[in-house]
Amino acid sequence: MSTYEPPIFEYSAPGKIGVNLPALDVPPTGLPAELLRSDALSALPELTEPEVIRHFTRLSQRNMCIDTTFYPLGSCTMKWNPKLHEEVARLPGFANAHPLQGDALSQGALALMEDLQGLLAEISGFDAVSLQPAAGAQGELTGILVFRAYHQDRGESQRNEILVPDSAHGTNPATAAIAGYTVVEVTSDADGNVDLDDLRAKLSPRTAGLMLTNPNTIGLFEQHVREIARLVHDAGGLVYGDGANFNAILGIVKPGDVGFDFMHYNLHKTFTTPHGGGGPGSGAVGCTAALAPFLPGPRVRRCADDPARFESFVPEKSIGRMKTFHGNFGMLVRAWTYIRTLGAAGLRDVSETAVLNANYVQARLRHVYPLAVDRLCMHETVLRGQIAGAPGIRTLDIAKRLIDHGFHPPTVYFPLIVAEALMIEPTETESKRTLDAFIEAMLAIAEEARHDPLALHEAPHDTPVRRLDEVRAARQPVLRYDAAAFARLREAALAEVR
Ligand SMILES: *Cc1c(COP(=O)(O)O)cnc(C)c1O
């Protein structure tokens with residue numbers, strides 16, 4: 001696996017070609033001179049078809065992905081993406097629809113979106129849904145901009161603070177700050193809930209709203225959610241729900257029923273549209289009737305004069321567009337297929353199994369990896385990478401060693417309030433056999449940590465590249481091929497191995 005393969009540019013040689021084009025048998029027609037390029041085409045590799053296919057196939061096999069590996073990345077809900085969804089999304093009527101063909105020629109697509117809006121509203125207890133946002137983070141921005149428009153509409157523009165618990169995902173405070181708000185942090189208590197006294201102390205006439213994740217990022221159900229919502233509403237604020245952890249409560253709790261005013265759904269998490277490199281995301285949003293007039297448009301509704309037909313519309317006080325057209329439509333098709341395939345009972349089963357799987361992992365690992373908070377967990381468990389008898393071992397070492405066992409590591413060092421956090425989200429689509437194999441690997445790693453810590457510090461051992469300088473990769477990414485730079489890096493890597 002770790003044999004050296006030169007990058008594709010180094011296979012290039014002048015005159016190599018990957019296709020057989022027939023000889024021209026029609027008269028050539030020249031392109032207008034102004035459309036011709038004036039300088040020579042440079043730096044495109046010339047290659048044969050096998051070289052190109054092998055290059056990309058090899059790269060694809062280096063990727064850890066849900067199609068090959070258990071992927072317990074906490075907070076990300078890396079559940080299986082059923083292949084049926086891909087077939088439905090590829091139906092020509094969906095795949096070839098042009099966004100400019102207009103409502104009259106898009107009735108099937110509009111019908112699907114109208115139905116999906118209704119399904120998401122029903123599942124979450126909201127009155128209205130917009131499918132526009134392209135990701136959870138964009139759904140957050142949509143929600144906070146809607147909050148601002150709502151307060152302005154009521155003449156309460158002095159509200160300039162958004163409260164965010166200290167356990168929140170980084171996108172929450174980032175969203176509030178980008179929308180121009182002052183972020184006020186609320187602390188968590190020893191049980192992993194929002195500290196109600198701290199919340200009371202921070203609510204004021206300046207409060208525009210609170211952003212709350214439930215289940216929260218410690219994998220725990222926020223036990224005072226109704227009380228929190230009541231306190232925020234009494235102060236004149238609104239409650240934003242970060243719905244990234246919705247996978248734990250489908251068919252069990254409706255966020256709209258427990259006091260949330262607005263929420264984003266991560267269709268690429270809970271509703272299993274492909275994630276990360278697999279495709280664009282979708283961060284549809286739902287809200288109460290009071291906030292619906294401010295949602296981004298277009299949304300979809302049945303025509304008043306002919307309920308068998310559908311039309312796009314923009315809500316009357318809309319904050320405007322968050323994305324072109326109706327958002328990432330192909331993802332809407334996949335999420336709709338998922339919901340329609342499972343039905344209400346199937347969705348509830350998803351959450352019950354996801355919670356059961358996480359508690360099974362928690363119960364079998366908690367004696368070796370200390371729990372962040374000693375409670376039953378929801379769909380994910382947060383442990384600490386602090387192994388008794390192995391003082392030099394850190395969470396990062398454990399995560400890297402898991403790669404040698406063939407597993408994608410869990411989320412590490414998040415949430416920030418848990419030291420050495422290891423956040424494991426098995427999801428409902430994994431079998432007991434897979435969970436057991438993962439648990440055995442985690443236990444073997446703990447054992448090894450005590451007797452052979454070096455094996456962990458030097459992990460991963462079997463990958464094409466070993467431990468990366470992740471900070472440098474993020475700060476100084478090398479995104480273009482540069483033969484000289486590549487040669488230098490290779491020499492440095494080889495010197496390290498020697
Ligand atoms: C994933 C996630 C987000 C952001 O969602 P994206 O779709 O990645 O933008 C926000 N909050 C939590 C808790 C998440 O897990």
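The structure we're discussing is the one just above.
Presented here is a report on the structure given in the accompanying data block. Here the residue numbers are simple positions, counted from 1 along each chain's written sequence. Side-chain atom pairs in this predicted model are given and counted only at pLDDT of 80 or more, local residue features only at pLDDT of at least 70, and totals for whole chains, interfaces and linings cover all residues. Just so you know, side-chain values use all the structure's heavy atoms and leave hydrogens and water out.

1. Section: the site of the ligand
Throughout this document, a residue counts as near a molecule or strand when at least one of its heavy atoms sits within 4 Å of that molecule or strand. Residues in close proximity to the ligand include Ser75, Ala135, Gly136, Ala137, Glu140, His169, Thr171, Asp242, Ala244, Asn266, His268 and Lys269, which together make up its full environment. Each polar contact in these results corresponds to two N or O atoms within 3.5 Å; when the atoms are within protein, one needs to be able to donate a hydrogen and the other to accept it, and residues that are neighboring in sequence are counted only if both atoms are side-chain atoms. Ser75 places a side-chain nitrogen or oxygen 2.6 Å from an oxygen atom of the ligand. A distance of 2.6 Å is found between an oxygen atom of the ligand and a side-chain nitrogen or oxygen belonging to His268. For the ligand, the protein covers 87% of the area, taking 380 Å² as the surface of the free molecule. We count a stretch as a helix when DSSP gives it H or I for four or more residues in a row; a strand needs E for two or more, and each element gets its number in order from the N terminus. In terms of residue count, the dominant contributor to the shell around the ligand is helix H5 (residues 136–153) (three residues). Grouping the amino acids of the shell around the ligand by side-chain chemistry returns three nonpolar, six polar and three charged. For accessible areas, the Shrake-Rupley method is used with a probe of radius 1.4 Å. Any residue's cover is judged against the shown protein chains and nothing else. Basically, the charged four are Asp, Glu, Lys and Arg, the nonpolar ten are Ala, Val, Leu, Ile, Met, Phe, Trp, Tyr, Cys and Pro, and anything else, Gly included, counts as polar.

2. Topic: helix H4 (residues 107–124)
By this rule, a helix spans an expected 1.5 Å times one less than how many residues it contains. Over its 18 residues, H4 extends 26 Å from the first C-alpha to the last, a length consistent with the 26 Å expected when each residue adds 1.5 Å. Only protein chains enter the accessibility calculation, which uses a 1.4 Å probe; a residue is then buried when its area is under 20% of its type maximum, exposed when over 50%, and partly exposed in between. Among all positions of H4, only Gln107, Ala109, Leu110, Leu112, Met113, Leu116, Gln117, Leu119, Leu120, Ala121, Ile123 and Ser124 are buried. The secondary structure elements touched by the buried residues of H4 are helix H3 (92–95), strand S1 (128–130), strand S6 (262–265), strand S8 (299–302), strand S9 (310–313) and helix H9 (329–365). A positive phi of about 75 degrees marks Gly125, the residue just after H4. For this analysis, residues touch if any pair of their heavy atoms sits within 4.5 Å.

3. A look at the pattern of salt bridges
A side-chain nitrogen of Lys or Arg and a carboxyl oxygen of Asp or Glu constitute a salt bridge if their distance falls within 4 Å. Tallying each qualifying case throughout the model produces 29 salt bridges. In this structure, Asp153 and Lys317 form a salt bridge, with 3.0 Å as the shortest nitrogen-oxygen distance. Note that Asp153 is positioned in helix H5 and Lys317 in the loop between S9 and H9, a separation of 164 residues in sequence. Looking at Asp153, the relative accessible area reads 44%, which means it is partly exposed.

4. A few points about the sheet that holds strand S11 (residues 411–412)
Note on pairing: two strands pair once DSSP finds at least 2 bridges between them. Spatial strand order, S10-S12-S11: three strands in an open sheet with antiparallel pairing. Either end of the sheet is taken by a strand with one partner, and the two such strands are strand S10 (381–384) and S11. Judged from the two bridges that link them, S11 and strand S12 (residues 421–424) form a sheet pairing that is antiparallel. By the bridge assignment, Val412 is partnered in S12 with Leu422.

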